[in-house]
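Single-letter residue listing:
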Amino acid sequence: MTVPDNLSANELDEHIRTLVHSEQPIILITPTFPRAMEQYMEQVLTIFLKAVQQEAITDYVVYFVKELMGNAKKANTKRVYFDEKGLDIHCSEDYLEGMKSFKTDIVEKKDYYLTLQEKHGLYIQLKLWKEKKKIKIEVTNNARITMIEEKRMMDKIEMGKQYKALEKVIADTIDDMEGSGLGLIILVLMMRKMGTKAEQIKIEKGENETKIGVAIPVRK
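Owing to the predicted nature of the structure, the values given are computational and were not obtained by experimental measurement.

A.B. asks: Break down unusual backbone geometry for me, citing the residues and quoting the values.
C.D. replies: Phi at Glu23 is positive, roughly 60 degrees, even though this residue is not glycine. With respect to the secondary-structure elements, Glu23 resides in the loop between α1 (9-21) and β1 (26-30). For Glu23, a relative accessible area of 70% translates into the label exposed. For Lys132, which is not glycine, the phi torsion reads 55 degrees and is therefore positive. Judged by relative accessible area, which is 75%, Lys132 ranks as exposed.

A.B. asks: Explain the sheet that holds strand β4 (residues 202-205) to me, and be specific about the residues and the numbers.
C.D. replies: Pairing is antiparallel in the open sheet, where five strands are placed in the order β1-β2-β3-β5-β4. The two strands at the open ends of the sheet, each matched to only one other strand, are β1 and β4. Neighbour-to-neighbour, the strand axes of this sheet turn through a mean angle of 15 degrees, independent of strand direction. Across eight bridges, strand β3 (residues 134-141) lies against strand β5 (residues 210-217) in antiparallel orientation. Following the sheet pairing, Lys136 is matched in β5 by Ala215.

A.B. asks: Explain the environment of Glu55 to me, and be specific about the residues and the numbers.
C.D. replies: Assignment of secondary structure puts Glu55 in the loop between α2 (35-51) and α3 (58-85). Under the relative-accessibility criterion, Glu55 is labelled partly exposed at 42%. C-alpha of Glu55 to C-alpha of Lys205: the two residues are 150 residues apart in sequence and 32 Å apart in space. Those residues in contact with Glu55 that sit more than four places away from it in its chain are Leu49 and Lys50.

A.B. asks: How would you sum up the side chain of Thr196? Please name residues and give values.
C.D. replies: Counting through the fold element by element, Thr196 comes out in the loop between α8 (182-193) and β4. A polar side-chain atom of Thr196 sits 3.4 Å from the main-chain carbonyl oxygen of Ala215. Sequence-distant contacts of Thr196, that is, excluding residues within four places in its chain, are made with Met191, Ala215 and Pro217.

A.B. asks: I'd love a proper account of α8, names of residues and values included.
C.D. replies: An ideal rise of 1.5 Å per residue puts 16 Å on twelve residues; α8 measures up with 17 Å between its terminal C-alpha atoms. Extensive coverage of α8 is indicated by the burial of nine of its twelve residues. Restricting attention to buried positions, one finds in α8 the residues Gly183, Leu184, Ile185, Ile186, Leu187, Val188, Leu189, Met190 and Met191. Positive backbone phi, at 85 degrees, marks Gly195, one or two positions downstream of α8.

A.B. asks: Give me the lowdown on the packing of α3 against helix α5 (residues 110-119), citing residues and values where you can.
C.D. replies: One way to put it is that α3 packs onto α5 with a least axis distance of 9 Å and a crossing angle of 95 degrees. Here α3 is positioned roughly perpendicular relative to α5, judged by the angle of their axes. Counted together, Lys73, Asn76, Thr77, Val80, Tyr81 and Glu84 of α3 and Tyr112, Tyr113, Leu114, Leu116 and Gln117 of α5 form the full contact between these two elements. Looking at side-chain class alone, the contact of α3 with α5 contains six nonpolar, three polar and two charged residues.

Definitions and cut-offs
Residues numbered from 1 in each chain as written. Predicted model: local features only at pLDDT ≥ 70, side-chain atom pairs only at ≥ 80, totals over all residues. Heavy atoms only, no water. Helix = DSSP H or I, 4+ residues; strand = E, 2+ residues; numbered from the N terminus. Buried < 20%, exposed > 50% of the residue type's maximum accessible area, 1.4 Å probe, protein only. Pairing = 2+ DSSP bridges. Axes fitted to C-alpha atoms, helices over the stretch in contact; angles between N-to-C directions. Contact = heavy atoms within 4.5 Å. Polar contact = N/O pair within 3.5 Å; in protein donor to acceptor, adjacent residues only side chain to side chain. Expected span 1.5 Å × (residues − 1). Parallel < 35°, antiparallel > 145°, perpendicular 65-115°, else oblique. Nonpolar A, V, L, I, M, F, W, Y, C, P; charged D, E, K, R; others polar.

Spelled out as structure tokens, the structure:
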């Protein structure tokens with residue numbers, strides 16, 4: 001069930017606990033994932049994890065979800081940016097051309113491109129629920145991931161498997177085109193602390209959407 005984004009702290013607590021008790025999924029939808037929604041989402045995650053008696057992994061889950069939501073938001077921004085530039089994001093040559101100026105242009109005209117995302121009906125959705133002895137998390141955005149994006153994402157996840165210390169990650173991680181990739185590598189480290197493996201990250205590609213999900217084992 002979709003959680004309204006205007007509930008008071010007490011109302012939100014009661015709403016989340018009711019959904020958990022009735023075994024219904026918790027759903028948050030946002031067109032652009034602004035800071036206010038990020039903070040609200042953190043409240044939702046904190047209440048949910050307390051309701052399922054998994055408070056010990058709250059910081060890890062919050063980081064994990066923020067990273068996936070942020071990546072989904074960036075993916076949507078790319079779509080409107082490439083459209084504005086007259087480039088086909090699914091064409092390798094166009095993708096490489098567009099990414100040369102993407103980071104600089106987005107910083108300079110951030111609000112403009114976020115407004116475009118809303119006008120184009122783009123969104124990011126978080127779905128969260130407990131199923132038997134696992135916590136299920138799904139982040140969806142309504143744009144199909146490109147082959148290049150998927151490869152870069154999987155490369156960073158694979159890289160994350162090789163690290164044990166954050167300091168070593170920071171020293172080694174550089175990727176000028178897509179950003180450092182540090183977030184995804186740290187995500188893998190967070191998963192390890194939650195007792196799950198990077199192999200549990202599943203990417204589902206629909207015609208007009210991308211869904212990234214993971215199952216986290218419930219701690220006793």
